[in-house]
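Letter by letter, the chains look like this.
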Amino acid sequence: MFATYLIGLREGLEATLVVSILVAFLVKSQRRDRLPQVWAGVGLAVALSVLFGWLIEYTSTSLLSRSEDRELFEAITSVAAVVFVTWMIFWMRRAARTIAGELRGKLTEALAVGSLAVAGMAFLAVIREGLETALIFYSAAQGAAGDSGPLLALTGGIVTAVVLGVLLYASALRINLSKFFTWTGALLILVAAGILKYGVHDFQEAGVLPGLNDLAFDITSVLDPSTWYAALLAGMFNVTPAPTVLETIAWVAYAVPVLLLFLRPARRQPAPTATTTTVTERGADAGAEVEAASTPQRA
């Protein structure tokens, strides 16, 4: 539950900040007439993301009849989700400093081309987050068939992200986005390690990898699967009391080096002259501000 909430919150806030930058730039530039195109692009991106998520679920539950095929499909999507998570958190660390300026530059070019270009630019800015969310959510929520909890948690995370984005835009809230993305990034690495562990287990159940019955350890007597804290650890990070050897190796081999790389202090670079760590756009109403992006100092 917490893992899917975190996915919705993190991905939703990234998308919300991108949309806020675009909207604030149009308002400041006295181009409110282009706002419908931006919202059309955002709406199309959201619709396609939902369709993509449904397609993944439909493929797993309806198109694949054999259990081995379903296990293999879930294993492949798990690995793909881990790749997306890893790329996403490191991309945000690298791009946070310049993302607002780059978006404004692209939107300026799109405004010169026409309405379709504006809608297309907004669509491309949001669709990446939507597709990532659908894939990561499916992988994180595996094993919860028939349980609406993960979907509700994801929805709650997205709603929270939208509320935070609106408050940031209205200058009613200040968030240290550097710390936010650092902490959520670290937690998502642990979530991704659990997804990878789950994927390895699916590969073993599909017969692709050996060692399904070779346990690394068994602490069931200490970590009773029926307890609430065991369910919490399993739901958040896929920590189970009796993992296989390959599952354990995969979890450690991913989590330890990726966490160390992510949390190491970033190299100091000369501060840019045109782009600051806090992007503020004042709209035509003389009151709208967006604290849209913040450069992680430690990511």
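Residues numbered from 1 in each chain as written. Predicted model: local features only at pLDDT ≥ 70, side-chain atom pairs only at ≥ 80, totals over all residues. Heavy atoms only, no water.

## Remarks on the confidence of the model for the protein
Put simply, the protein has an average pLDDT of 80, and 85% of its residues get 70 or more. Taken element by element, the protein is modelled with least confidence in helix α8 (residues 228–237), mean pLDDT 77, and with most confidence in helix α9 (residues 245–263), mean pLDDT 94. Long-range and interchain partners of residues 273–299, a stretch whose pLDDT sits below 50, account for 76 contacts in this model, where long-range means more than four residues apart. (pLDDT = per-residue confidence, 0-100. Helix = DSSP H or I, 4+ residues; strand = E, 2+ residues; numbered from the N terminus. Contact = heavy atoms within 4.5 Å.)

## Concerning the pattern of salt bridges
Per the stated rule, a full pass over the model turns up 7 salt bridges. Between Glu 132 and Arg 128 there is a salt bridge; the shortest N-O distance is 3.3 Å. Taken together, the positions of Glu 132 and Arg 128, both in helix α5 (residues 115–140) and 4 residues apart, correspond to about one turn of that helix. (Salt bridge = Lys/Arg side-chain N within 4 Å of Asp/Glu carboxyl O.)

## Quick look at the environment of Phe 73
Inspection of the secondary structure puts Phe 73 in helix α3 (residues 67–95). Measuring from C-alpha to C-alpha, the distance between Phe 73 and Ser 60 comes to 7.0 Å, with 13 residues separating the pair along the chain.

## Some words on unusual backbone geometry
A positive phi angle, near 60°, is found at Gln 30, a position not held by glycine. Among the secondary structure elements, Gln 30 is positioned in the loop between α1 (2–28) and α2 (35–63). Residue classification places Gln 30 among the exposed residues on the basis of a relative accessible area of 56%. (Buried < 20%, exposed > 50% of the residue type's maximum accessible area, 1.4 Å probe, protein only.)

## Looking at helix α4 (residues 99–113)
Since one α-helical turn is 3.6 residues long, residues separated by three or four positions face the same way. With 15 residues, α4 extends 21 Å from end C-alpha to end C-alpha; this agrees with the ideal 21 Å at 1.5 Å per step. Burial in α4 covers these residues: Ile 99, Ala 100, Leu 103, Leu 107, Ala 110 and Leu 111. Along α4, the residues classed as buried sweep out an arc of 105° about the axis, all on the same side. The outward face of α4, more than 90 degrees from its buried face, is lined by the exposed residues Glu 109, Ala 112 and Val 113. (Expected span 1.5 Å × (residues − 1). Arc of directions from axis to C-beta.)

## A word on the nonpolar core
Counting residues in each nonpolar core, the largest one holds 38 residues, and the members touching the most others are Leu 13, Leu 22, Val 38, Leu 103 and Leu 107. Elements supplying a minimum of two residues to this core: α1, α2, α3, α4, α5, α6 (149–169) and α7 (177–205). At 11 residues, the largest contribution of residues to this core is made by α1. In this structure, Val 38 is in contact with Val 23, Leu 26, Val 118 and Ala 122, ignoring residues within four places of it in sequence. Core analysis: the next-biggest nonpolar cluster, separate from the first, contains 34 residues, Ile 7, Val 82, Ala 141 and Leu 196 among them. (Core = buried A, V, L, I, M, F, W, Y, C linked by side-chain atoms within 4.5 Å.)

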